[in-house]
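These are the residues of each chain, in order.
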Amino acid sequence: FLATVVLGSLGLLLWRAERLKVPGELDSLVSRESAFLLNNLLLVAFCFTVFLGTIFPLLAEAVRGVKVSVGAPFFTYVNVPIGLALLFLMGVGPFIPWRRASWASVRGNLLWPAAAAALATALLMVGGVRGFFPLLGFALSLFVAATVFLEFGRGIRARRRLQGEGWLAAFRGLLNRNRRRYGGLIVHLGVVLLTIGIVGSSTYKQEREAALRPGEAFQVGRYTVRFDGLQGAEAATHFRVSGAFTVTTDGKPGVVLKPAQRFYQGYDSPFATVDARYGFQEDLYLILAAFARDGSQATVKALINPLISWIWLGGMVMLVGALTALWPGRREEKP
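Everything numeric in this text was worked out from a predicted model, so none of it was measured.

Draft legend 1. Examining the overall build of the protein chain more closely. From N to C terminus, the protein chain includes 9 helices and 10 strands. Taken against the 2.2 N^0.38 rule, which gives 20 Å for 335 residues, the C-alpha radius of gyration of the protein chain at 26 Å runs more than 25% over that of a compact globule. Dimensions of the protein chain along its principal axes, counting C-alpha atoms only, are 80 × 60 × 40 Å. Counting across all 335 residues of the protein chain, residues that qualify as buried make up 34%. Considering only intrachain contacts with a sequence separation of at least 6, the fraction spanning at least 24 residues in the protein chain is 58%. Surface accessibility of the protein chain: about 21,300 Å² in total, with carbon and sulfur atoms responsible for 65%. Taking the average place of the 35 positive charges on the side chains of the protein chain and the average place of its 20 negative ones, the gap between the two points comes to 10 Å.

Draft legend 2. The arrangement of the sheet that holds strand β10 (residues 298-306) in detail. Taken in spatial order, the 4 strands line up as β1-β10-β9-β8 in an open sheet, and their pairing is antiparallel. Both edges of this open sheet fall to β1 (206-212) and β8 (275-277), since each of them pairs with a single strand only. Between one strand axis and the next, the sheet turns through 20 degrees on average, direction left out of account. Looking at chain direction, strand β9 (residues 282-291) and β10 are connected through 9 bridges and run antiparallel. The residue of β10 that forms the bridge with Glu282 is Pro306.

Draft legend 3. Geometry of the side chain of Thr147. If you trace the backbone, Thr147 turns up in helix α6 (residues 132-163). Within the structure, Thr147 has its side chain in polar contact with the backbone oxygen of Val144 (distance 2.5 Å).

Draft legend 4. Here's a closer look at the packing of α6 against helix α7 (residues 167-177). Running from N to C, α6 and α7 cross one another at 110 degrees; their axes reach a closest spacing of 9 Å. With respect to each other, α6 and α7 are oriented roughly perpendicular. Counted together, Phe152, Gly155, Ile156, Arg159 and Arg160 of α6 and Trp167, Ala170, Phe171, Gly173, Leu174, Leu175 and Arg177 of α7 form the full contact between these two elements. The class makeup of the residues in the contact of α6 with α7 is 7 nonpolar, 2 polar and 3 charged.

Draft legend 5. The pattern of salt bridges, seen in detail. Inspection of every chain in the model, using the stated rule, returns 6 salt bridges. Glu282 is the partner of Arg222 in a salt bridge, and the nearest nitrogen-oxygen pair spans 2.8 Å. Remark: Glu282 occurs in strand β9 and Arg222 occurs in the loop between β2 (217-220) and β3 (223-234); sequence separation between them is 60 residues. Classification of Arg222 by relative accessible area gives partly exposed; the value is 27%. Three or more residues are tied together by salt bridges with common partners; here these are Glu151, Arg154 and Arg181.

Draft legend 6. Region of interest: α7. Those residues of α7 lying buried are Ala170, Gly173, Leu174, Leu175 and Asn176. The elements touched by buried residues of α7 are α6, α8 (179-203) and α9 (308-326).

Draft legend 7. Quick look at the nonpolar core. Leu87, Leu110, Phe143, Val144, Phe152 and Tyr182 are the most contacted members of the largest nonpolar core, which totals 33 residues. If you list the elements that add at least two residues to this core, you get α4 (72-92), α5 (103-126), α6, α7 and α8. The leading source of residues in this core is α6, at 9 residues. Setting aside residues up to four positions removed in sequence, Val144 forms contacts with Leu87, Met90, Gly91, His188 and Val192.

Draft legend 8. Local environment of unusual backbone geometry. Located in the positive-phi region is Leu307, a residue other than glycine, with phi close to 60 degrees. Note on placement: Leu307 falls in the loop between β10 and α9. Taking the relative accessible area as the measure of exposure, Leu307 reaches 16% and is therefore buried.

Draft legend 9. Here's a closer look at the layout of surface pockets. Considering only enclosed or pocket space, the largest pocket measures out at about 780 Å³ in volume. Lining the largest pocket are 24 residues, with Asn79, Val80, Gly83, Leu84 and Ile198 sitting closest to its centre. If you list the elements that add at least two residues to the lining of the largest pocket, you get α3 (32-64), α4, α6 and α8. The leading source of residues in the lining of the largest pocket is α4, at 11 residues. A per-class count over the lining of the largest pocket returns 17 nonpolar, 7 polar and no charged. Approximately 440 Å³ is the volume attributed to the second largest pocket. Surrounding the second largest pocket, 16 residues form its lining, Phe36, Met90, Gly93, Pro94 and His188 being those nearest its centre.

Draft legend 10. Spatial organisation of the packing of aromatic side chains. All told, the structure shown has 10 aromatic pairs when counted by the stated rule. Ring geometry for Phe152 versus Phe171: centroids 5.7 Å apart, planes at 35 degrees, classification tilted. Taken together, the residues Phe152 in helix α6 and Phe171 in helix α7 connect sequence positions 19 residues apart. Aromatic pair Phe263 and Phe291: ring centres 6.2 Å apart, planes at 85 degrees, arrangement edge-to-face. In this pair, Phe263 is assigned in strand β6 (residues 260-264) and Phe291 in strand β9, connecting sequence segments 28 residues apart. What makes Phe263 partly exposed here is its relative accessible area of 30%. Overall, Phe291 belongs to the partly exposed group, its relative accessible area being 26%. Taken together, Phe152, Phe171 and Tyr182 form an aromatic cluster joined through their ring pairs. Between Arg160 and the ring centre of Trp167, over which it is positioned, the NZ or CZ distance is 4.2 Å.

Scoring rules and cut-offs
Residues numbered from 1 in each chain as written. Predicted model: local features only at pLDDT ≥ 70, side-chain atom pairs only at ≥ 80, totals over all residues. Heavy atoms only, no water. Helix = DSSP H or I, 4+ residues; strand = E, 2+ residues; numbered from the N terminus. Rg over C-alpha atoms; globule rule 2.2 N^0.38 Å. Buried < 20%, exposed > 50% of the residue type's maximum accessible area, 1.4 Å probe, protein only. Contact = heavy atoms within 4.5 Å. Areas by Shrake-Rupley, 256 points an atom, 1.4 Å probe, with all protein chains shown as cover. Lys, Arg positive; Asp, Glu negative; His and termini not counted. Charge placed at Lys NZ, Arg CZ, Asp CG, Glu CD. Pairing = 2+ DSSP bridges. Axes fitted to C-alpha atoms, helices over the stretch in contact; angles between N-to-C directions. Polar contact = N/O pair within 3.5 Å; in protein donor to acceptor, adjacent residues only side chain to side chain. Parallel < 35°, antiparallel > 145°, perpendicular 65-115°, else oblique. Nonpolar A, V, L, I, M, F, W, Y, C, P; charged D, E, K, R; others polar. Salt bridge = Lys/Arg side-chain N within 4 Å of Asp/Glu carboxyl O. Core = buried A, V, L, I, M, F, W, Y, C linked by side-chain atoms within 4.5 Å. 1 Å grid on protein atoms, 1.4 Å probe; cavity = no way out; pocket = protein on both sides within 12 Å on 5 of 7 lines; lining within 4 Å. Points joined across faces, edges and corners; volume = space filled by probe spheres on them. Phe/Tyr/Trp six-rings, centres within 6.5 Å; stacked < 30°, edge-to-face > 60°. Lys NZ or Arg CZ within 6 Å of the ring centre and 35° of its normal.

Quick look at the structure:
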């Protein structure tokens, strides 16, 4: 089915190639048109690598009869540089004029965002953040965020100066005057939050597994997990074994999490039910991996995923930005 879709799409492109041609040329390498072109090329490369990594095991098995797996390291190795390049263009693009620009003007516009990103990155390093790609991801995210706030700040100040509006009225007027531009900038801010969440959760996650007797505890990150005991319960469709674990944070009173295993008739292996403590900074997940039938011992796996909530927040901000850009705005009456 997938091969049919791909071949059909390529056939349509070749059939309508003449109609898809657009006369025109780039006036300058330093222009917004060039940035859009490079952005689209990077997106195509991103899609192609994902497609290649997905379809390659199927092709290898069909042609050679050998099962080949393409795991997460391939996608990380190939797509992380492309994603960082896209993030850089996201910050630079709004400051490049159409048709033609000079390197001097671009450097002047990007000086303050670059300085703010460099200062924030230095503070992250002082705070203990390490690693080239994580630091680069955070730096580019902060750079894009600085460009977004700078653009909004310039527009709001201009409206306040010219029309004497308040801060909130100037912000509303700015969105109403050019919803596509400023809605797109809000989408950029959502991508920044999404990127920070992805970098943090993929780079600084922690995992630990321990076998505990009732009353024993172990440390993972800033959490202390104590095993209190097991409890079994019969449900309508399955039998459930839950473990009670008291989680304290930095020595402060915490919560009780109850990961479980569900046993269904006709299935040899149980199904795990994860319990979690969610937070803006990080999420803690507990998984009941194994247990003794007499309740004397349980094996629990603890996972800490930082900044997961930032991914959800980034998605919501992107949705708000997209709706802002698509929403029809009323025309302002000229005085």
